[in-house]
Amino acid sequence: MRRSNLPAEPNRFVGRAAEQAELARLLERSRLVTVVGVGGVGKTRLALRAASGAQKRYGDEVRLAELAPLRDPDLVEHALVEALGLTDHTLRGPREVLVEHLAERRLLLVLDGFEHLVESCAPLVRELLAHAPGLTVLAVGRRPLRVAGEAVFRLAPMDEADAVALLAERAAEAGAPVVPVDDFPVPDSVRRSAREAAVPGAVHGSTHASVPGSPASGAVRELCRRLDGIPLALELAAGRLPLLSVEQMLCRLDDRFRLLTDGALGALPRHQTLRTAIGWSHELCTPEERLLWARLSVFPGPFDLEAVEYVCGGPELPPDRILDLLGGLLAQSLVAREDTPAGPGYRILDTVAAYGAEWLAALGDTERLRRRHRDWYMGLATWCELEWFSPRQAEVAARTDAALPNLRAALDLCLELPEDAHLAQHLAGTLWFAWVGCGRLSEGRHWLERALALESGHEEARLKALWVLGYVTILQGDGTAAVAALHECRERARASRNALAEAYATHRMGCLALLSDDMPRAEELIGRALDSYRELGELNSNVLMGQVELAMARAFGGDLEGAVAICREVREVCEERGERWTRAYALYVLAFSAWTRGAYGEARELLAECVTINHAFRDQVGLVLAIELLALVTVSEGDAVEAAVLQGATVPVWDTVGIQLFGSASFDGPRALCEQHAGAALGAEAYDSAFREGRALSLDAAVERALAHRRGPAVGGPAGTAGRSAPRPFRTARAAAVPGTRKPAGSPTGKGGEAAG
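S.K.: Would you take a moment to explain the overall build of the protein for this structure?
M.R.: Counting its regular elements, the protein contains 34 helices and seven strands. When each of the 757 residues of the protein is scored for burial, the buried share is 59%. Taking contacts inside the protein between residues at least 6 apart in sequence as the whole, the part at least 24 apart equals 76%. When the accessible surface of the protein is summed, it comes to about 29,400 Å², and 53% of that surface belongs to carbon and sulfur atoms.

S.K.: Got a minute to help me understand the packing of aromatic side chains in this structure?
M.R.: Two numbers describe a pair of aromatic rings. These are the distance of the centres and the angle of the planes. On inspection of all chains with the given rule, the structure shows 16 aromatic pairs. Considering the side-chain rings of Trp-467 and Tyr-504, the 4.2 Å spacing of their centres and the 5° angle between planes classify their relative orientation as stacked. Pair noted here: Trp-467 is in helix 21 (residues 459-476) and Tyr-504 is in helix 23 (residues 499-515), with a separation of 37 residues, a long-range link. Each member of the pair, Trp-467 as well as Tyr-504, is classed as buried. Members of the aromatic cluster, each reached through a chain of ring pairs, are Trp-388, Trp-432, Phe-433, Trp-581, Tyr-585 and Phe-617. In this structure, Arg-106 packs its charged tip against the face of Tyr-58, placed 4.8 Å from the ring centre. Taking NZ or CZ as reference, Arg-508 lies 3.5 Å from the ring centre of Tyr-471, over its face.

S.K.: What is the right way to read helix 9 (residues 231-238) from this model?
M.R.: At 3.6 residues per turn, the α-helix brings residues three or four places apart onto the same side. Extensive coverage of helix 9 is indicated by the burial of eight of its eight residues. Of all the positions in helix 9, only Pro-231, Leu-232, Ala-233, Leu-234, Glu-235, Leu-236, Ala-237 and Ala-238 are classed as buried.

S.K.: I would appreciate a short explanation of the sheet that holds strand 1 (residues 32-36) in the present structure.
M.R.: Backbone hydrogen bonds are what pair the strands of a sheet, in a parallel or an antiparallel way. What the five strands build is an open sheet, ordered 2-3-4-1-5; its pairing is parallel. Looking at the sheet topology across the chains shown, the edges are occupied by strand 2 (62-66) and strand 5 (151-154). Across the sheet, the axes of successive neighbouring strands diverge by a mean angle of 20°, strand direction being ignored. As judged from the six bridges shared by strand 3 (residues 107-112) and strand 4 (residues 135-141), these two strands associate in the parallel manner. Bridge assignment links Leu-111 to a residue of strand 4, and that residue is Ala-139. In the packing of helix 5 (residues 118-131) onto the sheet, contacts are made with strand 1, strand 3 and strand 4, and the angle to strand 4 comes to roughly 160°.

S.K.: Got a minute to help me understand the confidence of the model for the protein in this structure?
M.R.: For the protein, per-residue confidence averages 82 on the pLDDT scale, and residues scoring 70 or more make up 83% of the total. The model gives residues 193-215 a pLDDT under 50, and that stretch makes 35 contacts with residues more than four places away or in other chains. Within the model, pLDDT remains below 50 along residues 258-270, and this stretch shows 12 contacts once partners closer than five positions in the same chain are excluded.

S.K.: Help me understand the environment of Ile-348, please; the structure alone is not making it clear to me.
M.R.: Inspection of the secondary structure puts Ile-348 in strand 7 (residues 343-348). For the pair Ile-348 and Ala-336, spaced 12 residues apart in sequence, the C-alpha to C-alpha distance is 6.2 Å.

S.K.: What should I look at first to understand the pattern of salt bridges in this one?
M.R.: When the charged atoms of two side chains with opposite charge come close together, those side chains can pair. Inspection of the entire model under this criterion finds 55 salt bridges. The salt bridge partner of Arg-440 is Asp-401, with a shortest N-O separation of 2.9 Å. Residue Arg-440 is found in the loop between helix 19 (432-437) and helix 20 (441-452), and its partner Asp-401 is found in helix 17 (residues 393-416); the two are separated by 39 residues along the sequence. Owing to a relative accessible area of 5%, Arg-440 belongs among the buried residues under this scheme. Assessed through its relative accessible area of 35%, Asp-401 is described here as partly exposed. The partner of Arg-705 in a salt bridge is Glu-642, with the nearest N and O atoms 2.8 Å apart. Placement of the pair is Arg-705 in helix 34 (residues 699-708) and Glu-642 in helix 30 (residues 640-657), with a sequence separation of 63 residues. You can call Arg-705 partly exposed: its relative accessible area is 25%. Counted as one network, the salt bridges with shared partners bring together Glu-82, Asp-401, Arg-440 and Arg-618.

S.K.: I would appreciate a short explanation of the nonpolar core in the present structure.
M.R.: In globular proteins that are soluble, nonpolar side chains generally tend to be buried together. Counting residues in hydrophobic clusters, the biggest one holds 197 residues, and the most contacted among them are Leu-67, Leu-80, Leu-145, Leu-292, Leu-296 and Tyr-377. In this view, Leu-80 contacts Ala-65, Leu-67, Leu-98, Leu-109, Leu-111, Leu-124 and Leu-128; residues no more than four positions away in its chain are not counted.

S.K.: Explain helix 20 to me, please; I cannot follow it from the model alone.
M.R.: Taking 1.5 Å of rise per residue, the 12 residues of helix 20 would be expected to cover 16 Å, and the 16 Å separating its terminal C-alpha atoms lies within 8% of that figure. Across the 12 residues that make up helix 20, a large majority, nine, are buried. Residues of helix 20 that are buried include every one of Leu-441, Glu-443, Gly-444, Arg-445, His-446, Trp-447, Leu-448, Ala-451 and Leu-452, and no others. Along its buried surface, helix 20 packs onto helix 3 (76-83), helix 17, helix 18 (421-430), helix 19, helix 21 and helix 22 (479-496).

S.K.: Would you take a moment to explain the pairing of strand 1 for this structure?
M.R.: Consecutive side chains of a regular strand alternate in pointing toward one face of the sheet and then the other. A large share of strand 1 lies buried, amounting to five of its five residues. Here strand 1 shows a buried face lined by Leu-32, Thr-34 and Val-36 and a second buried face lined by Val-33 and Val-35. Here strand 1 runs beside strand 4; their pairing, made up of five bridges, is parallel. Along strand 4, the bridge assignment pairs Val-35 with Val-140. With four bridges joining them, strand 1 and strand 5 adopt parallel strand pairing. Looking at the pairing, Val-35 lines up with Phe-153 of strand 5.

Rules behind the numbers
Residues numbered from 1 in each chain as written. Predicted model: local features only at pLDDT ≥ 70, side-chain atom pairs only at ≥ 80, totals over all residues. Heavy atoms only, no water. Helix = DSSP H or I, 4+ residues; strand = E, 2+ residues; numbered from the N terminus. Buried < 20%, exposed > 50% of the residue type's maximum accessible area, 1.4 Å probe, protein only. Contact = heavy atoms within 4.5 Å. Areas by Shrake-Rupley, 256 points an atom, 1.4 Å probe, with all protein chains shown as cover. Phe/Tyr/Trp six-rings, centres within 6.5 Å; stacked < 30°, edge-to-face > 60°. Lys NZ or Arg CZ within 6 Å of the ring centre and 35° of its normal. Pairing = 2+ DSSP bridges. Axes fitted to C-alpha atoms, helices over the stretch in contact; angles between N-to-C directions. pLDDT = per-residue confidence, 0-100. Salt bridge = Lys/Arg side-chain N within 4 Å of Asp/Glu carboxyl O. Core = buried A, V, L, I, M, F, W, Y, C linked by side-chain atoms within 4.5 Å. Expected span 1.5 Å × (residues − 1).

Okay, here's the thing in structure tokens:
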């Protein structure tokens, strides 16, 4: 987990030196600082600047939680868990997870855009601050949280010098003619930018150098004054300077102000000034740009070009025009570019989006656009589910992560409309890979239970949501809820003759038996499900995971040879298909086999790949199992100290997985053996010291330690363990015929039925 998730600054930060210094002082004195101010005044940019400057003080542990896209107050805690990069497989609620994680950490948490969720945010912040003495919260919104101890920093618009500097800088970036700034105390870099951006022979604007008190510099000062020094308004104006001179812009603004004040004297309220500036930018857009602006308002989070072309395109906005129109909005600072791990994306500023939403409502087109938005992200979820069983798994994980605010909005809309309950069930079920494979069990359960609380009348959608809920609750350790969901799924599947849904329910019941140490039942149920998958032509990550689970049941039952045969077959299919997530679990079983043969180098190599894959997908279950087995390999190589360190490093990960679930006698074998041999080699005091060292490691540091450890014996290893096999935690026996061990046939599409789910 990266210790900071602050975004890179999109361009140079201009001005606000006094405000930066004062905000830094407040962060040193108070554990809760809230930056408040009108829309567009630069609250978020200043807060992120201050947070970036404070990174060294917090050991680089600074995290940003963007709350503006949320509409459901119940998702605030999930959003913070996501922002902190936490994965939790237990039954604990997200609030409990947050409290425990932050209790002993020194961390700066930035909460941006909380004002519409203040009733949920305030009690949460109060509780986190009470239980985490090393936590500091920097909140950003239009009103205070009103929590005891809160220091409120009211951000005013820019003073004249900063406003002029910002206008000049952004105009230069836009390629405008020189903005005369000679008689203002602005930085030399701004002057250089302005000079370098001069456009000889430009039709609009002045390119001559001004002198103190010249009419040109006076016009710049007047423009900044009329825009009240509001940064967003200034940036919108700067985006128009390539087309209009400062004097022309002033005339247009004067016309708008006179309309709003009915010709009366006196200043407009600042919020009205910003609205006027945005409205004026709206007027200067072409009709097509205005329509695109309005339609973009349905995106609560980052979006890519393909999404815009589908959601916003139509007869009035042909898809082949979208790119140019989006570029126009980008050039006018109405849309910002935002690069994500999934590739380049865009985001419409909240204030700008709110204005566009009003126009969309006036057009009577809001509901249609929200449905198009939902349809696109349902399609994206379906594509991601299919491509999860492909070489694009990592891309799928990144795209899902980037699309999460939009996927939440799609789920919200499905749940709002009774006639769309089946779509809510379908979408929540389709995203099983995001809940299970990418470490979002708690949020997945939230959506699945809400969707299943509705009667949809669409049996197939309900059945899928039921078995996915069963899968999620098994991994959370909630056997009661899992049995209820899977029993309902199986009975309804039989009644409706849905053999595939019945197979999934049977498979997950077998998984529950495996994690409950009932190996005969696990073999019987999983084997029966695998036979059904093969008969139905189902082949995907879930099917392959079923084979690995069958292999584990065999290994735990003493048939290690049979388990290895299955996992070699799974590895072969994974290599053919480019599948990595299930591959990691197959490699785990093969690594254990290598350890039993004394092939420690081979075992370490296999486990290194396991650790790398599981960490990339945030799969804490696979990760902790792999590190524990790696610790056993390490003590067998003769390095008891490093083995104890690795064992200690697994404790915080186990806390997120749930000892009650995965502390079974079967899964606990490698850990218990390692502890026995490392403790005997080191003695209690030395073992505890190394164990505490590992326990203090962050997740990233633990992974780095696991991957970097050298091979071979080291001083302090248990006598007689290096070079030969240590005692085996699993019994071994001759292979027995078990149903479902053959490689499953591919479906006609090559993707598997039920779209990889």
